[in-house]
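Letter by letter, the chains look like this.
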Amino acid sequence: MRFVLDGLTVFFPYDYLYPEQYEYMKELKRALDAKGHAALEMPTGTGKTITLLSLITSYQLAHPDVGKLIYATRTVPEMEKVLAELKGLQKYREKCLREDSAAGDEASAVAASSGEYERGSILALGLSSRKNMCIHPAAIEGADRESVDSMCRKMTASWVRSEAVDAAHGTAAAAPMATDDAELQQVRDAAAAAAPVTEPNERAAEQPPPVPDIEDFNVGNAPPGTARLCSFYERLENDYARPVIATADNGSNGTAAAGATTTTTANDDGSGNPTPQQVPKLAASSLLPPGVYTLEDLREYGKKKGLCPYFLARRAMTYANVVVYNYQYLIDPKVSAMVSRELERECVVVFDEAHNIDNVCIEALSVNLRSHTLDVAGRNLVKLGERVEKAKQTDASRLQEEYSRLVSGLVNSGTLGGDGAGAGAGAGGGDGGAGGFLAAGTELELLQSPVLPADVLSEAIPGNIRRAEHFLAFLRRLLEYLKTRLNGAKTVESESTVTFLESLHKASGIDSKSLRFCYDRLSSLMRTLEITEMDEFYGVQLIADLATLVGTYKVGFAVIIEPFDARLPAVPDPILQLCCLDASLAIHPVLERFRSVIITSGTLSPLDLYPKLLRFRPVALRALPMTLTRECLRPVVVTRGADLTTLSTRFEDRGDDNVATNYGKLLVALAKTVPDGLVCFFVSYSYMDRIVSLWDREGVLQQLSQHKLVFVETTDVVETTLALDNYRRACDCGRGAVFLSIARGKVSEGIDFDRHYGRCVVMMGVP
């Protein structure tokens, strides 16, 4: 249906609208009109997602000054659900606009002449990790996200591509790291020489290129195994120019013309100052035609066109109308600095299923260290020391150049100059540095600062950690102190960051200022050493992460040391935690930066608590009820088991095996009677693990599997996704299945167990 809400034409793709959906739209529009924030609660199952999409996209159509819709979700299935809803909405909207145009009335003619129907088309896409989007045959074999990321960097880092240029020209010596787009252009030209490339005006008419043979792709005449590049990324670099966003003024016009496609190259006079130059490539806006693209759609499009889906989505974000991705892309400083830094202020941000957003904010600024992590960090430091010594022997100028940059104070936190494909700057400057142009979609940053943007320092790195060998010695002292504290813990210890710093300074002579620059200094060193295996160096990264946060924040954090895991108190497993205590710290930059931020969920009660936790003043704050036209649920509360044992999940009763056995018998009895899918929710992972282990010992699982297949949610996302897919297949084929899950876990939020997928839901206790 199409209706007018307070003067706004709203396109809604269904024939009926719930009363709560209409009220939700009114509150949402009030927040958008006021350019303020909102906290809205509407029960699960009332069409919250399509209500949000319909109102905001209609508002975008009527108000061209409104920026992108940034829709943040917690899981990939939620993301796919949002994009599927948006596909249906966009199809309906285009149908309505075509019908109006065909009607030929005066209002339609005016609208058509003003370009309204052109604006009716949108570009919407999802963005996830490389593991979920990569199509490179070798990279996607990685066991986890970190290994896929590392494989990608090994094929796309600027120094790897520079080495490929040397191999193509038959040079034996390794090339220095590319420091500006002029060198990167050489890389692109050399990569283009590996296969015939048609002129830009001919590409539109040619047939879609076949997918290259990635395993054998080497630039020029490079021998197999050296300087191997990703042809999907190279085609993207060769064929499409990056959009450019102007940064600080460097004495000339520091702004780029709207719609202009430029890139940055070094001046011919060798000054190194970036200047905009036109590049004869296809415009960045031609990367993706209008439409709604799920992750699978992007993968298929990438295979068809021979383009990298991940970097394609990263670049298309600059001109997309709707972007759907994970919370972390906005909240986590290390991720948002790479992915979301180019989003305009006029964007509308939606955090869906946001009842746990305070926990997400706290986790984004917290660090956990175990003994194993410290051991890995020790090995990382040994390896870094070896690479520093090797660099001194083979190419000492690189270390000297880095030292000169640090002395000159040209390093800002997280925005190091010197990597044209990394930090998003030309030679000699980073974002916020000495003026220049920031290429939109600069993707290859290796490390980003864990601190919030407002707390980033613009000072020079302290002298005691400028030399590579001095910095490694500094990290060794810090590591030894952390090991001493961790191994010496006999009871739970809790202290403020100020107390921790005083103890650290007394024991190791390390001051807080040096700690604040720890992550920046590590980033600079790893760039200089041209390290791409980031997954192997996660230990030292966590140490630098903790050091930077401890040195930066004096309030809102606590250091907690526990001698064992609470789940296994008899097993020594010490853990040192830097815990963020204030959820508002992480989300404050988002609330300050964007026009409107909508926090919504089916369960935000008590509603007035969230503005207090996150420290913001919403212009719209409302909880909406659910309208039930018929009785469609039959709730039953079971208080006693088959042997009349009282059933309870109270903490003091959770160790009672008799209660757990009766829960199992209840589930078996339901599995005998209820057809298709049966979903069972536990109060926590630890409780579910204990119950399932007991059921296995007592044969309950064997009895259950005689009637239905059994699938279990785990903490591993890949395993859970596979289990959920197989659960649906078992229900579809008529075999029936039981899915054991966690209340308020990833599966319970955003996954629909509708129709035959959820004939019965069992809650074992109240979470």
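Everything here concerns the structure above.
The structure displayed is predicted, hence computed values, not measured ones. Counting from 1, residues in each chain are numbered in the order their sequence is written. Local features in a predicted model are, by the rule used here, given only for residues with pLDDT of at least 70; side-chain atom pairs are given and counted only at 80 or more, and totals for whole chains, interfaces and linings are based on all residues. Only heavy atoms go into the side-chain values, all of them from the structure, while hydrogens and water stay out.

Chemist: In this structure, what is going on with the overall build of the protein chain? I would like to understand it.
Modeler: Each helix and strand in the protein chain was counted, giving 28 helices and 24 strands. Relative accessibility thresholds used throughout: buried, under 20% of the residue-type maximum; exposed, over 50%; partly exposed, between the two (1.4 Å probe, protein chains only). Considering the protein chain as a whole, with its 767 residues, one finds that 53% of them fall into the buried category. The criterion used for residue contact is that any of the two residues' heavy atoms lie within 4.5 Å. Of the contacts made within the protein chain by residues no fewer than 6 positions apart, 76% connect residues no fewer than 24 positions apart. To be clear on the numbers: accessible area is Shrake-Rupley with a 1.4 Å probe, and residue cover counts the displayed protein chains and nothing else. When the accessible surface of the protein chain is totalled, it reaches about 33,500 Å², and 52% of it is carbon and sulfur. Per the convention used, a helix needs a DSSP run of H or I reaching at least four residues, while a strand needs a run of E reaching at least two, with both numbered from the N terminus.

Chemist: In this structure, what is going on with the environment of T156? I would like to understand it.
Modeler: Here T156 is to be found in helix α7 (residues 145-156). Relative accessible area serves as the criterion here: at 1%, T156 is assigned to the buried category. Each C-alpha atom of the pair T156 and L229 lies 6.5 Å from the other, and the pair is 73 residues apart in sequence. By the criterion applied in these results, polar contacts are pairs of N or O atoms within 3.5 Å in which, for protein atoms, one can donate a hydrogen and the other can accept it, and in which residues neighboring in sequence qualify only through two side-chain atoms. Engagement of the side chain of T156 in a polar contact is seen with the backbone oxygen of C152, the distance being 2.8 Å.

Chemist: Explain the packing of helix α18 (residues 468-487) against helix α21 (residues 518-528) here, please?
Modeler: Each pair of packed helices can be summarised by the angle the axes make with each other and by the distance between the axes. Note on geometry: axes are lines fitted to C-alpha atoms, helical ones only across the stretch in contact, with angles between N-to-C directions running from 0 to 180 degrees. Packing of α18 against α21 brings their axes to within 11 Å, and their N-to-C directions diverge by 130°. Considering the angle they form, α18 stands oblique to α21. Here α18 runs over α21; the crossing is left-handed. Across from A468, F471, L472, F474 and L475 in α18, the residues of α21 making contact are C518, R521, L522 and L525. Roughly parallel means an angle under 35 degrees; roughly antiparallel, over 145; roughly perpendicular, 65 to 115; everything else is oblique. Definitions for this section: a left-handed crossing has its near helix turned counterclockwise from the far helix by less than a right angle. A right-handed crossing has that turn clockwise.

Chemist: Would you take a moment to explain the sheet that holds strand β21 (residues 677-682) for this structure?
Modeler: Strand pairing in a sheet relies on backbone hydrogen bonds, with the paired strands running either antiparallel or parallel. The four strands lie next to each other as β22-β23-β21-β24, forming an open sheet whose pairing is parallel. Pairing within the sheet leaves two strands with one partner each, and these edge strands are β22 (709-712) and β24 (760-763). Neighbour to neighbour, the strand axes of the sheet diverge by 20° on average, direction disregarded. As paired strands, β21 and β24 are joined by four bridges and run parallel to one another. Bridge pairing in β24 places V679 opposite V761. Contacting β21, β22 and β23 (737-742), helix α26 (residues 685-698) runs over the sheet at an angle of about 140° to β23. Packed onto the sheet, helix α28 (residues 717-732) meets β21, β22 and β23 and runs at close to 150° relative to β23. One bridge is not enough; two strands pair if DSSP finds at least two bridges between them.

Chemist: Would you mind going over the state of the cysteines with me for this structure?
Modeler: Joining two cysteines, a disulfide is a covalent bond between their sulfur atoms. A pair of cysteine sulfur atoms is labelled a disulfide when the two atoms are within 2.5 Å. Here the structure, examined in full by the defined rule, presents zero disulfides. Cysteine C680 shares no disulfide, and the gap to the nearest cysteine sulfur, in C760, comes to 9.2 Å. Judged by its relative accessible area of 17%, C760 is buried.

Chemist: Quick question: what am I supposed to make of the pattern of salt bridges here?
Modeler: A side chain of one charge can pair with a side chain of the opposite charge if their charged atoms are brought near each other. Every case where a carboxyl oxygen of Asp or Glu lies within 4 Å of a side-chain nitrogen of Lys or Arg is listed as a salt bridge. Counted by the stated rule, this structure contains 26 salt bridges. Between R370 and D573 there is a salt bridge, and its shortest N-O distance comes to 2.7 Å. A residue pair is termed long-range when its members are at least 10 positions apart, and R370 in strand β12 (residues 367-370) and D573 in strand β18 (residues 572-580) qualify at 203 residues. A relative accessible area of 29% means that R370 is categorised as partly exposed. A relative accessible area of 26% means that D573 is categorised as partly exposed. One salt bridge in this structure joins R485 and E495, with 3.2 Å as the shortest N-O distance. With a gap of ten residues between them, R485 in helix α18 and E495 in strand β16 (residues 493-496) connect regions that are remote in the sequence.

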